[in-house]
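Analysis of the macromolecular model
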Amino acid sequence: MSKISMITGANRGLGRNAAISIAKAGNDVIVTYRGNEAQAQEVVEEIRALGQKAVALQLDVTKISTFPAFVSALKKALSETFGRDSFDHLINNAGHGEMTPFAETTEQQFDSLFDVHVKGVFFLVQAVLPILADNGRIITYSSGLTRVSFPGFSAYSAAKGAIEILTVYLAKELGERGITANCVAPGAIETDFLGGAVRDTPAYNEAFASMTALGRVGLPDDIGPMVASLLRDDNRWVTAQRIEVSGGQTI
């Protein structure tokens, strides 16, 4: 029987790629999106074309007060679409970036980053925990910028560092249920992150490629399949880990 993976922010970018990769691996998928329902439905149709079940649900991870209503909608979708009362994998992908020097970072920028990348993850996991199946998986995205520094990412990287510590605690406290928790830390990737800076700005692309052992920046297809592989039963003994997927960036 197919397992069910829920991916936040899966209507575009790395989340979309992970959703498709997970479906190709034989899992059903719950796609969440903040505002672009049309994009999310395109992902759902692509997953269904692969022979897997899928549904899209609206979720803004910064609005903690809406989580009870979201969980109710999730329970309904699980029953009506999948014939289940639980799901197996939570992939915390939703996020955004800010590239601002430390001395110029505003409180609003700081709060926005921590609301999405830390507070939203913390309380979403808490909210869905009663319907996350035993022996399930939690994957959260960190960043290569928690290991090396690059000017302008102090607040973003601090938020991702917090998520890495939270992951260790999730692994410890949920281990008695057989639930694993890991971080995937991409390096520089060609997506629309920061307005597509790495993808569309040759100077950035070349700079990051030059500091990467494999000689290029990453693509979404370098990340999604790795996430899908981490959900396989073969990796049931991997937990509390930060797994960098960067092509050997700055080593």
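This text gives an overview of the structure that appears in the document.

The rules behind each value
Residues numbered from 1 in each chain as written. Predicted model: local features only at pLDDT ≥ 70, side-chain atom pairs only at ≥ 80, totals over all residues. Heavy atoms only, no water. Helix = DSSP H or I, 4+ residues; strand = E, 2+ residues; numbered from the N terminus. Buried < 20%, exposed > 50% of the residue type's maximum accessible area, 1.4 Å probe, protein only. Areas by Shrake-Rupley, 256 points an atom, 1.4 Å probe, with all protein chains shown as cover. Lys, Arg positive; Asp, Glu negative; His and termini not counted. Charge placed at Lys NZ, Arg CZ, Asp CG, Glu CD. Patch = residues over 30% accessible without salt bridge, like charges linked within 9 Å, V, L, I, M, F, W, Y side chains within 5 Å. Salt bridge = Lys/Arg side-chain N within 4 Å of Asp/Glu carboxyl O. Core = buried A, V, L, I, M, F, W, Y, C linked by side-chain atoms within 4.5 Å. Contact = heavy atoms within 4.5 Å. Polar contact = N/O pair within 3.5 Å; in protein donor to acceptor, adjacent residues only side chain to side chain. Expected span 1.5 Å × (residues − 1).

Topic: the overall build of the protein
Helices and strands together make up the secondary structure of the protein, namely eight helices and seven strands. Taking the principal axes of its C-alpha atoms as reference, the protein extends roughly 50 × 40 × 35 Å. The buried share of the protein, taken over its 251 residues, is 50%. If you sum the accessible surface of the protein, you get close to 11,800 Å²; carbon and sulfur atoms cover 53% of it. Charge separation in the protein, taken as the distance between the mean sites of 22 positive and 27 negative side-chain charges, equals 5 Å.

Concerning a nonpolar patch on the surface
Residues Ile165, Val168 and Tyr169 make up a contiguous nonpolar surface patch of roughly 300 Å² in combined accessible area. Structurally, the position occupied by Tyr169 is in helix α5 (residues 154–174). Residue Tyr169 is classed as exposed on the basis of its relative accessible area, which comes to 52%.

Notes on the nonpolar core
Judged by nonpolar contacts, the single largest core of 32 residues is most densely connected at Met6, Ile30, Leu74, Leu78, Phe87, Val128 and Ile138. Listing elements by their share of this core, those giving two or more residues are β1 (4–7), β3 (54–58), α3 (67–82), β4 (87–92), α4 (107–128), β5 (132–141), α5 and β6 (180–186). Looking at which element gives the most residues to this core, the answer is α3, with seven residues. Once residues within four sequence positions are removed from consideration, Phe87 is found in contact with Ile4, Met6, Leu74, Leu78, Val128, Ile131, Leu132 and Ala133.

Some details on the side chain of Gln52
Structurally, the position occupied by Gln52 is in the loop between α2 (37–49) and β3. For Gln52, a relative accessible area of 13% corresponds to the buried category. One polar contact links the side chain of Gln52 to the main-chain carbonyl oxygen of Asn27, over a distance of 3.4 Å. When near neighbours in sequence (up to four residues on either side) are disregarded, Gln52 contacts Ser2, Ala23, Gly26, Asn27, Asp28 and Ile47.

Regarding helix α1 (residues 13–24)
Its twelve residues give α1 an end-to-end C-alpha distance of 17 Å, which sits within 8% of 16 Å, the value for a rise of 1.5 Å per residue. Counting buried residues in α1 gives nine out of twelve residues, a clear majority hidden from the surface. Those residues of α1 not exposed but buried are Leu14, Gly15, Asn17, Ala18, Ala19, Ile20, Ser21, Ile22 and Ala23. A positive backbone phi angle near 100° is found at Gly26, which sits one or two residues after α1.

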